[in-house]
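Survey of secondary and tertiary structure
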2 protein chains.
Amino acid sequence: MANALLIACVVSVLLHAVGGATVRRFKWEVGYIYASPDCEEKLVMAINGQFPGPTIRAKAGDTIHLQLKNTLHTEGVVIHWHGIRQHGTPWADGTASISQCAINPEESFLYRFKVDKAGTYFYHGHYGMQRAAGLYGSLIVDVSDGEEEPFQYDGEFNLLLSDWYHTSIYDQMVGLSSRPMKWIGEPQSLLINGRGQTNCSLAASLVPGSSACELTSKDCEPVVLKVLPNKTYRLRIASATSLASLNLAIGNHSMTVVEADGNYVEPFTVDDMDIYSGESYSVLVTTNQKTSSNYWISVGVRGRKPNTQSALAIINYPPNAPSKLPESSPPATPLWNDYARSKSFTYRILARQGAPKPPPNADKRIALLNTQNKMDGYTKWAINNVSLALPATPYLGSMRYHLKNAFDTKIPPESFPSDYDVMRPAKNQNTTQSTNAYVFQFNSTIDVILQNANAIAENVSEIHPWHLHGHDFWVLGYGDGRFQEKDVSTFNLKNPPLRNTVVIFPYGWTALRFIADNPGVWAFHCHIEPHLHMGMGVVFAEGVENVRNVPTEAITCGMTGKMLINNHLP
Amino acid sequence: MANALLIACVVSVLLHAVGGATVRRFKWEVGYIYASPDCEEKLVMAINGQFPGPTIRAKAGDTIHLQLKNTLHTEGVVIHWHGIRQHGTPWADGTASISQCAINPEESFLYRFKVDKAGTYFYHGHYGMQRAAGLYGSLIVDVSDGEEEPFQYDGEFNLLLSDWYHTSIYDQMVGLSSRPMKWIGEPQSLLINGRGQTNCSLAASLVPGSSACELTSKDCEPVVLKVLPNKTYRLRIASATSLASLNLAIGNHSMTVVEADGNYVEPFTVDDMDIYSGESYSVLVTTNQKTSSNYWISVGVRGRKPNTQSALAIINYPPNAPSKLPESSPPATPLWNDYARSKSFTYRILARQGAPKPPPNADKRIALLNTQNKMDGYTKWAINNVSLALPATPYLGSMRYHLKNAFDTKIPPESFPSDYDVMRPAKNQNTTQSTNAYVFQFNSTIDVILQNANAIAENVSEIHPWHLHGHDFWVLGYGDGRFQEKDVSTFNLKNPPLRNTVVIFPYGWTALRFIADNPGVWAFHCHIEPHLHMGMGVVFAEGVENVRNVPTEAITCGMTGKMLINNHLP
C-alpha cells in the first residue's frame, strides 16, 4: 500500500491551467533510504523513495506548486531550485538561513514559483551539506507552447552528474568544522544519474589484469542511452557534485554546446567538455558512428589530483545489446591540471546572437578576494577576509521586517588591500567570521570581480565555481593573476554569456555583471559543498522592502518567529 | 580562545540564592565531537565538548536554569531530565513532540525546573535516537542543607553506564524504520562514564592467549576509583543504555543497595546487581579487602544473548598504582537468561521504612499489552495493538490550547482481549499506528498492568524497562504469565518501592500505581531506544487545563506555532 502511495506521489504531477498559465503540482517527501549508488549500500537522502529525486518537467511560464514534506527523523530540510530566479517569490529559493526557515520533521512547506525561462536546471538541498547526502534531481523547462528552441534535435537524454562519499554528511560536516580540520578527501565515486562504481569499474574491466566490476545492486548499473543511428540528440548535463570538477567525453562522438545554465550560447563543437559543480549544459550529439558498436560516455575529475574512478554510461546503437561493451576504451579525462585546456573550453562559451546584452556600465563594482584562512585553529574560506557564518534567523525575514541583531549589519568589505599578493600564501592567514550582507541599491547594475589567490599551502590555488541565486549574470571576462583596472578595457560587452554559475581558475579572476532587480536576499557562493560549509560565500540583498506575501511558514523560526507571536500569546 | 570559552562554559555553574531557594545556572551547547569511547573514533554528541555531558550537581529544593544552545548543523535537539518530576514545569520535561518543540540549530531554550528530591538521576536526549549518539550525563541531587541521608558514607563515586554502537544513529533510525526492518544488533561496547573497549578488552588481556587491549586514545582508558581502605563509599549507578540490560559486580566486594530512581529502599546486600536502561541506584561499598591488590568493577549484558564484551573499571587501593591489574579476574556476568536470578534481585527492592505509601485503592486500572507486530511489512512494537506515532505538534501545547487535528483524539484501548495468549506469537500480528493519548482525571489514582507477551518469533519474550515521565510510581507486584484478577490480592501495599522505571520480565506482568497529580503530558515508554523508535510507548495526560506559563519557545512549531501567529501577521 505504501508502495502504491509512493508511486501515486511520484506520478502526481497534476496539471491545472488558470487563465492560460499552467500550474504543475507535486507532492514530495524527503527521507532517507538505503541505496547502493556505487554498489555499496549507504544512507541516501531521497525524494518519494527515489534517488536522484524525481525529474521536474515543465514549460516556460508554468508555475510550480510543490508541497515538500520532511520525513527525516530529527533534521530540517529545504530545497533550492538552482537556476530559477524566483522573481516575486524570493522566499521560495530554498536556502536555509537566507530565504526561509528549514522545514521541521513531519512538517510541510509549499514551494510556489514560476519557471520563466526554458533550460536545463536542477534542484538540491541547501541546508548543511544535505546535497552531498543525495538530495538532488533535475528540473527541465521546455519552451512554451508555440515557441521553438533555436536548434533542432530528434530526441534528448538527461545526465545529472554528481560525486559520492562513503562517509556520512554528519561526519563530513563535523570534520570540516573541527580543529584541526578533517578534510573530506576525494569522493569515492562519480555518479551519472545516481549510478557509479567504486574500487572496480567498467573501465577497469577493459584493462587486462584489472578486476572486473561486480555489480552488487541494480542501483549501480550503468546508465544506457538507447539511440537510433543518424539522429541528433540533445544531452542535458548538469553537475550537482559536492567537490569534483568534471570532464565529460563520448567515445567517437563530438558534442556541440548550445545551452549553458538555461541560456543559449553560440554553438561550438568539442570532443570533451568541462562541467563545474552548479553548471548545466545542453550539447547536441549526432549518432553518426558505425552501428556495430556501442560507445562510452566517460566522466572524470578535473582540477584536483584525481583519486576517483571515472563514471561510465553507454550509448547503445541498435542492434547491439545494451550490455555489449564498446569496442574502444572509454575516453580518457584530460590531465587534471591542464588548466589551459579548461580555460580554452570555458572561454569559448559566448552568448548566442540575439541574447540580452549587459548594460554598458555598472553602477558599482565590488571585488571579492577568495582566500583560505585560519580562524583560531579552524580552517576557513573567506571573502575579503570575512568567512560567512549563517544566522539562526533567515535574512529575508529579518531584513524585510527590520529586526535588530538578527545578523551583523556592518557593511562587508567591497575590495581587498591593493598590496595583497594573490600568488603567495597570505602573510596573515587569520580571518574572522560574520553574518554581514552586501545590500545593493534596487535596480542598480553591479560588477563583481572574483579574485582567486593562493591557498594556505604554497603553490596551491584551487578552482571555485561561484553560483548566484536569484539572477543570471553576464560573464564579462577572465584573466590570470591579479585583476587590474586596465583589465576593464578587455571586458566583453558584445556577447558575454548569461549564466548563474561561473568558475575562477587558479590564481585568476573572473568578472561578472548583473542587475540587482530581484527583490530578495540571495546567496552568492562557491558551489563546492565543503567550501561553502567552511564559509566561502557572501549574501547579496536588494529591494527587500518591495518583497510581498512572504508565507508565514517561511519565517516561523528564530527572531522572525518571535516577532510574529509577540504580544499575541493566548 | 574557544578552549577558554569552553572551559568557562563548563564551570559556569552560577549560584544565585533567591529567598532561600538556590538557582543554579548552566550554559550548555550541544554539538558533535570526535571521540573514541571504545578506542575507535566516531562522532559523539557532546555537551560543551564533553562526553558524557557535564554532571549537574544540586541540592534538593534548588532550581535549575539551564540554557541549552543547539550547535548541531541541521538537527533539532531536546534534553529530558530523567527522574525529575517537573511539577509546575511540564514544558521543561524535554521530550520532543510531547512537552516541547525541538530546539532548532543555533537556537537556545531555557530549561527551568526544580529538583525537589535528593537522589541519583541523569539526563539524556529525547528526540529521535539522540541518546544513543551519546547525549547523556548525570544529574545528582544532594539532600538539602540541614537534611541527612538515611545512611552513612565516607565518599562517593558516580558511574553512568551506557552502550555504544559504531553505526550512526541515522543509520540505526532508518534501518529500524525500513521494510524489512534492519535490526541494530548488539552494541559494539559497554561504557562506564563514556569509556569502554571493543574487540579486545582489559579482561581479555588477563586470559592467556587472548589479545591485549590497545588503548588508542585517552578517551577509552578505564575509569579508576581511588579509594582508601576501610571506608564506605556510595556508588551512584545509572543506565542510559540504548539496548542493553546490565549487571554490575565488584571483585571481592559486596554492595548494599540503598536507593533506586531517587527513592530510598530498604537496604539489602548483593554480590552483583542488575541495572536496566532508565534505572538508577545507589549502593554502599566498604573497602574491607586486602590492600595489596586493585579490584575490578565489571559490567556485562543481561537478558539478551550477549555479543558485547564487559566494560571494566578499577577500584584502586593505595599504595597500588592505578594501572596495576587486579589479581583476580573480573567478576563474570551471570548467565544472560538466568531470569530467576534477575527476578530475585528485582523483587528484593522495597521501600525504606517511612517512605510514602500508595493510596489503598485505584480509581482506574488500565492494562497495557506489549507486543511486537507487523504493519504493512514494517516491524513495530505496539501497546494494546497501537504503535505510538509522535505528532508534529507537541501534545502539551495542542492539548492545552484545544487544537483540533493535532493528534488522534480516539481514546486508546485500556485493556486487551481476554483470550489473548501471551505465551504464543499473536495469531494476527498486524498493528496500527496512532498518536492517541490516555487522558486521566486529575488527581485520580491509576493502576497500570504492564503485560509482556511472546514477540513475533516463537519462544521469544524480551525484557522491557518502562519509564514514566513526570511521576514516580509504586511497584505493586510482578508475576509470570498473564495477569489475572486474583493477582490483585498479591499486590504489595505495605512497602512497594517508588520508582520511575520498572521492568517487565519475559512472559510476565508488572503492576504499578501512580497518582495523576502532575498537570501535563507525559511519556510512558520502553526505555530501550530502538523499541521506542518502533512505537513502544504511550502518552499519558492529566490536568492539562491547569498548566500555566508555557514559554512560547516551547510551542513555536507545528499547529501551536500557527496558532500563536494566527491573525497577527505584520
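The shown structure was predicted, so the numbers you read here are calculated from the model rather than taken from an experiment. (Residues numbered from 1 in each chain as written. Chains lettered and ligands numbered in written order. Predicted model: local features only at pLDDT ≥ 70, side-chain atom pairs only at ≥ 80, totals over all residues. Heavy atoms only, no water.)

1. Notes on the overall build of chain A
- Each helix and strand in chain A was counted, giving 8 helices and 33 strands.
- In summary, chain A has a C-alpha radius of gyration of 23 Å against a globular reference of 25 Å for 570 residues, a match within 12%.
- The buried share of chain A, reckoned over its 570 residues, is 63%.
- Restricting to contacts in chain A with at least 6 residues of sequence separation, those with at least 24 account for 79%.
- When the 46 basic and 50 acidic side-chain charges of chain A are each reduced to a single mean position, those positions are 2 Å apart. (Helix = DSSP H or I, 4+ residues; strand = E, 2+ residues; numbered from the N terminus. Rg over C-alpha atoms; globule rule 2.2 N^0.38 Å. Buried < 20%, exposed > 50% of the residue type's maximum accessible area, 1.4 Å probe, protein only. Contact = heavy atoms within 4.5 Å. Lys, Arg positive; Asp, Glu negative; His and termini not counted. Charge placed at Lys NZ, Arg CZ, Asp CG, Glu CD.)

2. Examining the UniProt feature "domain: Plastocyanin-like" (unreviewed entry) in chain A
Residue and element names in this part refer to chain A.
- In the numbering used here, UniProt assigns the "domain: Plastocyanin-like" (unreviewed entry) feature to residues 30–142, 157–317 and 424–543.
- Secondary structure content for residues 30–142 is 0% helix and 45% strand, and the end C-alpha separation is 26 Å.
- Helix makes up 4% of residues 424–543 and strand 44%, and the two end C-alpha atoms of the span are 39 Å apart. (UniProt positions renumbered as here; feature names shortened; annotations may be inferred.)

3. Examining the sheet that holds strand 18 (residues 280–286) of chain B
Residues and elements named next belong to chain B.
- Spatial ordering of the open sheet is given by 11-10-13-18-15-16, a layout of 6 strands whose pairing is mixed. Here the strands that pair on one side only, and so sit at the sheet edges, are strand 11 (189–192) and strand 16 (263–270). Adjacent strand axes in the sheet meet at a mean angle of 25° when their direction is disregarded.
- Across 4 bridges, the pairing between strand 10 (residues 155–164) and strand 11 is antiparallel. Among the inter-strand pairings, Leu161 is bridged to a residue of strand 11, identified as Ile192. (Pairing = 2+ DSSP bridges. Axes fitted to C-alpha atoms, helices over the stretch in contact; angles between N-to-C directions.)

4. Some words on the state of the cysteines
Residue and element names in this part refer to chain B.
- Throughout the structure, instances matching the rule amount to 4 disulfides over all chains.
- Here Cys101 pairs with Cys557 through a disulfide, and the sulfurs are 2.1 Å apart. In this structure the cystine formed by Cys101 and Cys557 twists about its S-S bond by roughly -85°; its chirality is therefore left-handed. Highlighted residues: Cys101 in the loop between strand 6 (79–82) and strand 7 (108–115) and Cys557 in the loop between helix 6 (552–555) and helix 7 (558–565), separated in sequence by 456 residues. One exposure class covers both Cys101 and Cys557, and it is buried.
- If the cysteines joined by disulfides in chain A are listed in sequence order, their pairing comes out as 1-3, 2-4. (Disulfide = S-S within 2.5 Å.)

5. Re the relation of the copies chain B and chain A
- Once chain B is rotated about the relating axis by 180° and shifted along it by 0.0 Å, it coincides with chain A to within an RMSD of 0.0 Å. Each copy turns onto its partner about a two-fold axis. Relative to the rotation axis, the closest C-alpha in chain B is found at Glu75(B), a distance of 2.1 Å.
- Taken as a fraction of all interface residues of chain B, those also at the interface in chain A reach 100%, which identifies the copy contact as same-surface. (Least-squares fit on C-alpha atoms with pLDDT ≥ 70 in both.)

6. Description of the interface of chain B and chain A
- At the junction of the two partners, chain B supplies 45 residues and chain A supplies 45 residues.
- For the pair chain B and chain A, the summed buried area comes to about 3900 Å², and 61% of that belongs to carbon and sulfur atoms.
- Of all residues in chain B, Tyr34(B), His73(B) and Thr74(B) give up the largest surface area on contact with chain A, accounting jointly for 17% of the area buried on that side.
- The tally of links between chain B and chain A comes to 2 salt bridges. (Buried area = accessible area lost by both parts, 1.4 Å probe. Salt bridge = Lys/Arg side-chain N within 4 Å of Asp/Glu carboxyl O.)

7. Things to note about the pattern of salt bridges
Residues and elements named next belong to chain B.
- Under the counting rule described, the total for this entry stands at 57 salt bridges over all chains.
- Across the pair Asp116 and Arg85 runs a salt bridge, and its minimum N-O distance is 3.0 Å. A residue pair is termed long-range when its members are at least 10 positions apart, and Asp116 in the loop between strand 7 and strand 8 (119–125) and Arg85 in the loop between strand 6 and strand 7 qualify at 31 residues.
- Taking relative accessible area as the criterion, Asp116 reaches 37% and is therefore assigned partly exposed.
- Residue Arg85 is classed as buried on the basis of its relative accessible area, which comes to 18%.

8. A few points about helix 3 (residues 339–347) of chain B
- What helix 3 of chain B keeps buried is the set Tyr339(B), Ser342(B), Lys343(B), Phe345(B) and Thr346(B). Buried residues along helix 3 of chain B cover an arc of 160° about the axis, so they all sit on one side. (Arc of directions from axis to C-beta.)

9. Some words on the confidence of the model for chain A
Residues and elements named next belong to chain A.
- For chain A, the average pLDDT comes to 93, and 93% of its residues sit at 70 or higher.
- Note on residues 1–12: pLDDT under 50 across the span, and 14 contacts to partners over four residues away in sequence or across chains.
- Every residue in residues 206–212 scores below 50 in pLDDT, and together they form 11 contacts with partners more than four places removed in sequence or on other chains. (pLDDT = per-residue confidence, 0-100.)

10. Structural notes on the domain arrangement of chain A
Residues and elements named next belong to chain A.
- As assigned here, chain A comprises domain 1 (2–142), domain 2 (155–347) and domain 3 (364–560).
- Tallying the contact residues gives 28 residues for domain 1 and 37 residues for domain 3.
- Both sides of the domain 1 and domain 3 interface together cover about 2400 Å² of buried area, and 61% of this is carbon and sulfur.
- Ranking the residues of domain 1 by area buried against domain 3 places Ser97, Ile98 and Cys101 at the top, with a combined share of 27%.
- Inspection of the region where domain 1 meets domain 3 yields 2 salt bridges.
- Among the salt bridges present, the one from Glu529 reaches Arg131, with a minimum N-O distance of 3.2 Å.
- Summed over the shared surface of domain 1 and domain 3, the number is 18 residue pairs in polar contact (both at pLDDT 80 or more).
- Residue assignment for the side of domain 1 that touches domain 3 shows that the elements contributing at least two residues are strand 6 (79–82), strand 7 (108–115) and strand 8 (119–125). (Domains from an automatic or database assignment. Polar contact = N/O pair within 3.5 Å; in protein donor to acceptor, adjacent residues only side chain to side chain.)

11. Side note on the sheet that holds strand 27 (residues 464–468) of chain A
All names here are of chain A.
- Across the sheet, 5 strands lie side by side as 25-33-32-27-30; this open sheet has mixed pairing. In this open sheet, the two edge strands, each paired with only one partner strand, are strand 25 (438–440) and strand 30 (501–504). The sheet shows a mean angle of 20° between the axes of neighbouring strands, taken without regard to direction.
- Bridge count for strand 27 against strand 30 is 4 bridges, and the pairing is antiparallel. Bridged to His467 within strand 30 is Thr501.

12. Observations concerning the environment of Asn70(B)
Residues and elements named next belong to chain B.
- Tracing the sequence through the fold places Asn70 in strand 5 (residues 62–70).
- Relative accessible area serves as the criterion here: at 0%, Asn70 is assigned to the buried category.
- Expressed as a C-alpha distance, the spacing of Asn70 and Val270, which sit 200 residues apart in the sequence, is 42 Å.
- Residue contacts for Asn70: discarding those within four places in its chain leaves Val30, Glu75, Gly76, Val77, Ile103, Asn104, Pro105, Glu106 and Glu107.
- Reaching out from Asn70, the side chain makes a polar contact with the backbone nitrogen of Leu72 at a distance of 2.8 Å.
- At 2.9 Å, the side chain of Asn70 and the backbone oxygen of Ile103 are in polar contact.

13. Regarding the environment of Tyr478(B)
- Topologically, Tyr478(B) is positioned in strand 28 (residues 473–480).
- Those residues within four positions of Tyr478(B) in sequence are excluded, and the remaining contacts are Thr346(B), Tyr347(B), Val502(B), Val503(B), Phe505(B), Trp509(B) and Thr510(B).

14. Regarding the pairing of strand 16 (residues 263–270) of chain A
All names here are of chain A.
- Here strand 15 (residues 255–260) pairs with strand 16 via 5 bridges, running antiparallel. Of the residues in strand 16, the one forming a bridge with Met255 is Val270.
- The turn joining strand 15 and strand 16, which pair antiparallel and follow one another in sequence, is formed by 2 residues; a positive phi near 55° is taken by Asp261.

15. Focus: the packing of aromatic side chains
- Applying the stated criterion to the full structure yields 61 aromatic pairs over all chains.
- Both rings, one in Phe514(A) and one in Phe540(A), keep their centres 5.7 Å apart while their planes meet at 10°; by these two values the pair is stacked. Of this pair, Phe514(A) sits in strand 31 (residues 508–515) while Phe540(A) sits in strand 33 (residues 537–542); the two residues are 26 residues apart in sequence, bridging distant segments of the chain. For the residue pair Phe514(A) and Phe540(A), the accessibility class agrees, reading buried in each case.
- Taken together, the aromatic side chains of Phe26(A), Trp28(A), Trp81(A), Trp91(A), Phe109(A), Tyr111(A), Phe113(A) and Tyr123(A) make up a single cluster linked through ring pairs.
- Note that Lys182(A) overlies the ring of Tyr34(B), its terminal NZ or CZ placed 3.5 Å from the centroid. (Phe/Tyr/Trp six-rings, centres within 6.5 Å; stacked < 30°, edge-to-face > 60°. Lys NZ or Arg CZ within 6 Å of the ring centre and 35° of its normal.)

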